[in-house]
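# A look at the structure
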Amino acid sequence: MAAVTEAEAQYLHVLSAFLAMEPVNSVISLARGCTGGSITDIAQRFFWEICVKASANGNGSYAKKLLKKLINEVELEYGEVLDEVYEEYALYMSASSSKEDTLVKENRRITKFISFLFPEGSYNHPSCPRSRKLVIPLQCSLNMLEGDTGCCIWPSSLFLSEFVLSFPELFTNKACFEVGSGVGLVGICLAHVKAKKVILTDGDLLTLANMKLNLERNHLNYDDESPKQPGEAAHTTRVKCIHLPWETASESELSEYCPDIVLGADVIYDPSCLPHLLRVLVALLRKPTKTDNGSLKTEDKDTTQQGRSPVVAYIASVIRNADTFNAFLTLVDQMDLSITDLTAELRPRFELLPYMHSYDRSSVKLFSISFR
Ligand SMILES: C[S@@+](CC[C@H](N)C(=O)[O-])C[C@H]1O[C@@H](n2cnc3c(N)ncnc32)[C@H](O)[C@@H]1O
């Protein structure tokens, strides 16, 4: 790919922020950065011709909000709003109002495009696409609470995705199992770095249905059967979507997945779920142990586990409540697991979401968990 100029890179940030539906103030401030402060005709034209046209994905109300803010800001500066911008805004005004109100009330779903932008100089990095950007469309909800928790994109999954893309060597050709996968972003990144197997799970059926839709939108085939026999773990399907509530997942079901790596993003928040989550992690992390005479104990039924490196879990988390996190640490200790804070050591090599000002990378911590 030809080297991009500073201005092109800045406009790419504006477009990426727009497609990720970043707060409109943030998108407009990025545009101001491209033009040295004021919103010039060029910046207005960029919004009207490139961004708004690119959002022909049904997110009209966001485009309308942005155009409104743009017009307000240009008018406040006594600048001249382009006729085309007024016309585009008028079109959105007439088309959407009543339909939108209904959709908002109905807990509407929108599509965000998450663009991972690889910096100059990363061409040779194994996860860097030729275009130096990996754009992942994700259907998600605007409502972070009220039963739609798993249909939102949480900061830890952005962090874990950057981590996967930064350190593909940890995941390529590995069987990866994610707990509480939500919209499926981490799984899509794992598929991008060619994990051998990607097992995505969630306890919420609506979240699971939304995740499957996102896999389809990203051209990933999945199957949604759990393995029926122990030996089936090595079979060919690369992506699986499994309904797996931590409370009811059985040890025998869990022992059949045999992952090399377990992942979880923003799954430590509900104290009542923590013992169940820990029980799931223990079952997935369990490795065969040697008896006194050197043979393997049979607690691990799958013989393909023999000789494997220890299974490790990478858990990314924003610590919102210290008591909840301490309760998690206590359980980790009681279950004979060790936890290491890798945030500083394994900082994602690249800042792949430089335009996403709503994402506070420094708020996320990365832990590895394994058996002592
Ligand atoms: C805060 S969301 C994080 C989603 C996603 N990992 C992300 O970071 O964007 C927590 C996820 O864990 C799932 N979850 C919560 N409690 C669960 C349980 N008891 N069993 C299985 N999944 C659960 C939710 O459905 C949701 O998808």
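Look up a bit, the structure's there.
The present account deals with the structure reproduced in this document. (Residues numbered from 1 in each chain as written. Predicted model: local features only at pLDDT ≥ 70, side-chain atom pairs only at ≥ 80, totals over all residues. Heavy atoms only, no water.)

### What to know about the sheet that holds strand β8 (residues 337–341)
Worth spelling out the cut-off: Between any two strands, pairing holds if DSSP finds at least two bridges. Counting from the N terminus, the helices are the DSSP runs of H or I reaching at least four residues and the strands are the DSSP runs of E reaching at least two. Only the stretch in contact is used when fitting a helix axis, every axis being a line fitted to C-alpha atoms; angles between N-to-C directions are given from 0 to 180 degrees. The contact definition used throughout considers only heavy atoms, calling two residues in contact when any of these lie within 4.5 Å.
The strand order across the open sheet built from 7 strands is β5-β4-β3-β6-β7-β9-β8, with neighbouring strands paired in mixed fashion. Only two strands of the sheet have a single partner each, and these edge strands are β5 (239–243) and β8. Pairwise comparison of adjacent strand axes, ignoring direction, gives a mean angle of 20 degrees for this sheet. Here strand β3 (residues 175–179) runs beside strand β6 (residues 261–265); their pairing, made up of 4 bridges, is parallel. In the sheet register, Val179 faces β6, and the bridge partner there is Gly264. Helix α7 (residues 185–192) contacts β3, β4 (197–202) and β6 of the sheet and is inclined by roughly 175 degrees relative to β4. Along the sheet, helix α8 (residues 205–217) contacts β4 and β5; its crossing angle with β5, the most-contacted strand, is approximately 165 degrees.

### A short note on unusual backbone geometry
Keep in mind that most residues, glycine aside, have a negative phi and that most peptide bonds are trans. Formally: Under the scheme applied here, a residue whose accessible area is under 20% of the maximum for its type counts as buried, over 50% as exposed, and between as partly exposed, the area being computed with a 1.4 Å probe on protein chains only.
Even without glycine at this site, Met21 takes up a positive phi of about 60 degrees. Assignment of secondary structure puts Met21 in the loop between α1 (6–19) and α2 (24–34). Since its relative accessible area comes to 13%, Met21 is described here as buried. One non-glycine residue with positive phi stands out, namely His219, at about 60 degrees. The topology assignment puts His219 in the loop between α8 and β5. The class for His219 is exposed, based on a relative accessible area of 72%.

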